[in-house]
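Examination of the molecular architecture
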Amino acid sequence: MQKTCGREGALKITLYILRTMERNDLADLLQKRHLLSQCQHRIKGTLKQKCECVFEGKAKEGQPTLLSEIYTELYITEGGTGGVNDEHEVRQIETASKKRRTEDTTVKCNDIFKPLCGRETPIRTVLTKGVAGIGKTVSVQKFILDWVDGKANQDVHFIFALPFRDLNLIKDEYSLIELLHHFVPDLKSVESTELFRYKVLFIFDGLDECRLPLDFQNNESWLDVTKKTSLDVLLTNLIKGNLLPSALLWITSRPAAANQIPPECVHQVTEIRGFSDTQKEEYFRRRFSDQSLASRIITHVKSSRSLFIMCHIPVFCWISATVLERLFSETDRGDIPRTLTEMYTHFLIFQAGLKNDKYMKNSETKLKEHSKKFLLKLGKLAFDNLEKGNLIFYEQDLTENDINVSEASVYSGVCTEVFKEEYGLYQEKVYCFVHLSIQEYLAALYVFLSNSSADLLKTSVDQALKSKNGHLDLYLRFLLGLSTDSSKTLLQRLLGLSTDSSKTLLQRLLGLSTDSSKTLLQWLLGLSTDSSKTQLQRLPGQTRTSSHDIKETAQYIKGKIKENLSPERTINLFHCLNELGDNSLVEEAQRYLNSGRLSAEDLSPAQYSALAFVLLMSDEELDVFDLKKFIRSDKEHWRLLPVVKTSRTALLDSCNLTDKCCEVLASALRSNSSPLRELDLSDNDLQDSGVKVLSAGLANPHCKLGILRLSGCRVTEEGCSSLASALRSNPSHLRELDLSYNHPGDSGVKLLSAVLEDPSCKLEKVK
């Protein structure tokens, strides 16, 4: 009948026959299934249209690129828990890029809802973490496309992609079915009771962009899909499983926002790691048909450890490729950028120079004025929102900062390549910087140009050191980098305004009316003249950053390095010295390592920290880190403890360590990017207080430690209680525990023995 009458004709005939036979139940069921099939077909078509193209670092305009043509499988691993990672994202990358990937449990994008080997529990909710620009949204697009094309996950009948950037715009109350009708109008032809009999997947992309409270504790329970309530109540109940417990959920987020979802609501956590070192090179070779150019770019990027680490992020690979392609192609290319600040300044110079041929009738001066005006307004927007953690902006945010994106996009590529005007999946306008680091750079640029404080750099160092999660670390690097002579030369090109038009423009832009602001105006005007370097040196001390100021700031940072700072703060200060062009401490430490001398008595405390930095930033992983080789009488060897985080085996026995050192070690245990598997702390004066801190790290689900030796560490019943609690929380990794020559007492032994009886405990050897 289908061959004769076609699918639609066969359906009509079958329905007629069934109703004539008075089998209306079967006729109704067939008709509903047909409507559902038609609806599914339309939804797939809409999703394919929205997801099949990518725009590398650009807004949705111009010639799109098919995702299928350029997609490379990203490195995705089992991510442990959905707990928050408070480290700055660049520091997470610096650590993760050194991890041994052979030890990771890898997960393919299309398999994220399949239980990992050895697990049988069905997976309802998956949380995928990854830093900005690492490929979370692209992974979502690829997953949807493969489903649409029938390549994967065909047991799922409907996928509803609801990005948080779109959900942020919902103000009214909706029922769950009304919310779906709002985003997917095709569903209106299907009864809700019929729809939810099938397997559906909700994808919530960009949890870090969410502006809803997501109040899981206080929101009321909600079970009715047809009853109206606030969006926050709908989402929290959907994630909890009160609404549609049979539905699958996939949530993506930056690590710092992952803890908004309670751990008990998440059944599997995955993490997107971006490019491996090999994939970084592959990216540049795929991007350029000229393999000679690709090789030169790869060689240059690898020559700077800070640049090569950042290439872990696909977006930064694009930035580097954009800059280096042009510089290597120019005859008079000048200095090739070696620091992050120089790379980002070059990038903005190129983007500010991009002009649409359609608007070339405008004068060069007018084009420059609008580009620079818009650039500094973006800087203010970036700075004001950096502290708040806002990455996504809406019309109201732009209006408050006097930004007209449509007007600015006429004059330069800054708008389309640095600050994007996009449409959400359902055509709502949103705006964002192409990467968090771009926002941090522009924030630093704005502060550098608008702050007249003589102590700006030192004050900013202190401000960044007070940050608990290091959210100002990269901003500080950029701010210091902008103060160097090489950056001033680049800023002449970036902000090269004509003398006649500058005063009016900048007064209008920054409200320059005070005496201190006039000094700033003088400084900015000086950038456009041939003698700008001389003028910069002659400006009043309040706004200049001379060579003397750079040296003074470098010495100030070195003084801070000598202090008892956290390892993360110390490492960032070395990156700051690198941006200032001062590598003296690092070079001294490198010479010490190359000399083969193992006596550390000649090193100052600051040089000791430099040695830790060199070891951490080395291309070579440490299979074994033996602290005894670096021990010294004044106990400054504790400054090397951060190296534990990038070592597989850490031998710290008999090193005169105390409980004060245990927080650094606990940090290494908590890190899901640390390769640490064996830790020997025997014969140190840790006591119960130190073991308690260590146990907090041991209890973290990220901890993969297999061997822990605490022989002769003055551990008593209290310390054993902490260890037993940690092993109950995270029982699946530790295989060997040495507590010989301690004083656990009978109660301590009983506590540990009880842990051994747990079938999930993997301990094989206990002393």
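Residues numbered from 1 in each chain as written. Predicted model: local features only at pLDDT ≥ 70, side-chain atom pairs only at ≥ 80, totals over all residues. Heavy atoms only, no water.

Regarding its fold elements, the chain presents 33 helices and 17 strands. Among the 767 residues that make up the chain, the fraction classed as buried is 57%. (Helix = DSSP H or I, 4+ residues; strand = E, 2+ residues; numbered from the N terminus. Buried < 20%, exposed > 50% of the residue type's maximum accessible area, 1.4 Å probe, protein only.)

A few words on the pattern of salt bridges. Per the stated rule, a full pass over the model turns up 23 salt bridges. Put simply, Lys458 and Glu552 hold a salt bridge, and the shortest N to O gap is 2.9 Å. Note that Lys458 is positioned in helix 20 (residues 456–466) and Glu552 in helix 26 (residues 547–562), a separation of 94 residues in sequence. Judged by its relative accessible area of 23%, Lys458 is partly exposed. For the salt bridge of Lys628 with Asp653, the shortest nitrogen-to-oxygen distance reads 2.9 Å. One end of the pair, Lys628, is in the loop between strand 12 (622–626) and strand 13 (647–651); the other, Asp653, is in the loop between strand 13 and helix 30 (662–670), with 25 residues separating them in the sequence. The exposure class of Lys628 is partly exposed, given its relative accessible area of 33%. Salt bridges sharing common partners tie together Asp462, Lys560 and Glu563. (Salt bridge = Lys/Arg side-chain N within 4 Å of Asp/Glu carboxyl O.)

The biggest cluster of nonpolar side chains holds 222 residues, and the ones touching the most others in it are Phe202, Leu442 and Leu652. It is helix 19 (residues 436–450) that contributes the most residues to this core, 11 residues altogether. With sequence-adjacent residues up to four places away left out, Leu442 is seen in contact with Leu348, Leu375, Leu378, Gly379, Ala382, Val418 and Phe433. (Core = buried A, V, L, I, M, F, W, Y, C linked by side-chain atoms within 4.5 Å. Contact = heavy atoms within 4.5 Å.)

This next bit is on the pairing of strand 8 (residues 268–272). Taken across its five residues, strand 8 has five buried, putting it largely inside the fold. A two-sided burial pattern is seen for strand 8, the buried positions comprising Gln268, Thr270 and Ile272 on one face and Val269 and Glu271 on the other. Direction of pairing for strand 3 (residues 76–78) relative to strand 8: antiparallel, over a ladder of three bridges. Across the sheet, the residue bridging to Glu78 is Thr270, located in strand 8. One ladder, built from four bridges, connects strand 4 (residues 125–129) with strand 8; its direction is parallel. Among the inter-strand pairings, Thr128 is bridged to a residue of strand 8, identified as Thr270. (Pairing = 2+ DSSP bridges.)

One way to put it is that helix 30 packs onto helix 31 (residues 687–698) with a least axis distance of 7 Å and a crossing angle of 15°. One way to sum up the angle between helix 30 and helix 31 is to call them roughly parallel. In the packing of helix 30 onto helix 31, the handedness of the crossing is right-handed. Every residue of helix 31 that contacts helix 30 at Cys662, Glu663, Leu665, Ala666, Leu669 and Arg670 is listed here: Gly690, Val693, Leu694, Gly697 and Leu698. (Axes fitted to C-alpha atoms, helices over the stretch in contact; angles between N-to-C directions. Parallel < 35°, antiparallel > 145°, perpendicular 65-115°, else oblique. Left-handed = near helix turned anticlockwise from the far one by under 90°.)

All right, on to the sheet that holds strand 3 then. Strand order across the open sheet formed by six strands is 3-8-4-7-6-5, with mixed pairing between neighbours. This sheet does not close on itself; its edge strands, each paired only once, are strand 3 and strand 5 (158–161). The mean inter-strand angle of the sheet, taken between neighbouring strand axes irrespective of direction, is 20°. Each of strand 4, strand 5, strand 6 (200–204), strand 7 (248–253) and strand 8 touches helix 5 (residues 136–148); the most contacted strand, strand 7, lies at about 150° to it.

What follows deals with helix 2 (residues 24–51). The end-to-end C-alpha distance of helix 2 is 40 Å, a good match for the 40 Å that 28 residues give at a rise of 1.5 Å each. If you check which residues of helix 2 are buried, you get Ala27, His34, Leu36, Cys39, Gln40, Ile43, Lys44, Leu47 and Cys51. (Expected span 1.5 Å × (residues − 1).)

So, on to the packing of aromatic side chains. All chains considered together, the criterion is met by 16 aromatic pairs. An angle of 25° between the planes, with centres 5.9 Å apart, marks the rings of Phe316 and Tyr344 as stacked. With Phe316 in helix 13 (residues 314–329) and Tyr344 in helix 14 (residues 340–353), the pair connects residues that are 28 residues apart, well separated along the chain. Relative to Phe613, the ring of Phe574 has its centre 5.1 Å away and its plane inclined at 20°; by these criteria the two rings are stacked. Of this pair, Phe574 sits in helix 27 (residues 567–579) while Phe613 sits in helix 29 (residues 605–617), and the two are 39 residues apart along the sequence. By relative accessible area, Phe613 is classed as buried at 9%. Among the aromatic side chains, those forming a connected cluster through ring pairs are Phe158, Phe160, Phe164, Phe202 and Phe204. Positioned above the aromatic ring of Phe350 is the side chain of Arg326, whose terminal nitrogen or guanidinium carbon lies 5.3 Å from the ring centre. (Phe/Tyr/Trp six-rings, centres within 6.5 Å; stacked < 30°, edge-to-face > 60°. Lys NZ or Arg CZ within 6 Å of the ring centre and 35° of its normal.)

Confidence in the prediction for the chain averages 79 pLDDT; 78% of positions are at 70 or higher. Mean pLDDT across the elements of the chain ranges from a minimum in helix 25 (residues 532–538), with 36, to a maximum in helix 9 (residues 231–240), with 96. For the stretch residues 57–62, pLDDT sits under 50, and the model shows 17 contacts to residues farther than four places along the chain or on other chains. Across residues 497–544 the pLDDT falls below 50, and counting only partners more than four positions away or on other chains, this stretch makes 75 contacts in the model. (pLDDT = per-residue confidence, 0-100.)

The next subject is a nonpolar patch on the surface. A cluster of nonpolar residues, Met1, Ile13, Tyr16, Ile17 and Met21, forms a patch on the protein surface that exposes about 530 Å² of accessible area. Tracing the chain through its elements places Met21 in the loop between helix 1 (2–20) and helix 2. The exposed category is assigned to Met21, whose relative accessible area is 53%. (Patch = residues over 30% accessible without salt bridge, like charges linked within 9 Å, V, L, I, M, F, W, Y side chains within 5 Å. Areas by Shrake-Rupley, 256 points an atom, 1.4 Å probe, with all protein chains shown as cover.)

Another aspect to go through is the side chain of Arg124. Note on placement: Arg124 falls in the loop between helix 4 (89–96) and strand 4. We note that Arg124 is buried and unpaired, the nearest opposite charge coming from Glu264 at a distance of 12 Å. A distance of 3.3 Å separates the side chain of Arg124 from the backbone oxygen of Ile239, its partner in a polar contact. In contact with Arg124, not counting residues within four places along its chain, are Phe113, Leu238, Ile239, Lys240, Gly241, Leu243, Leu244, Pro245, Ala247, Leu248, Leu249 and His267. (Lys, Arg positive; Asp, Glu negative; His and termini not counted. Polar contact = N/O pair within 3.5 Å; in protein donor to acceptor, adjacent residues only side chain to side chain.)

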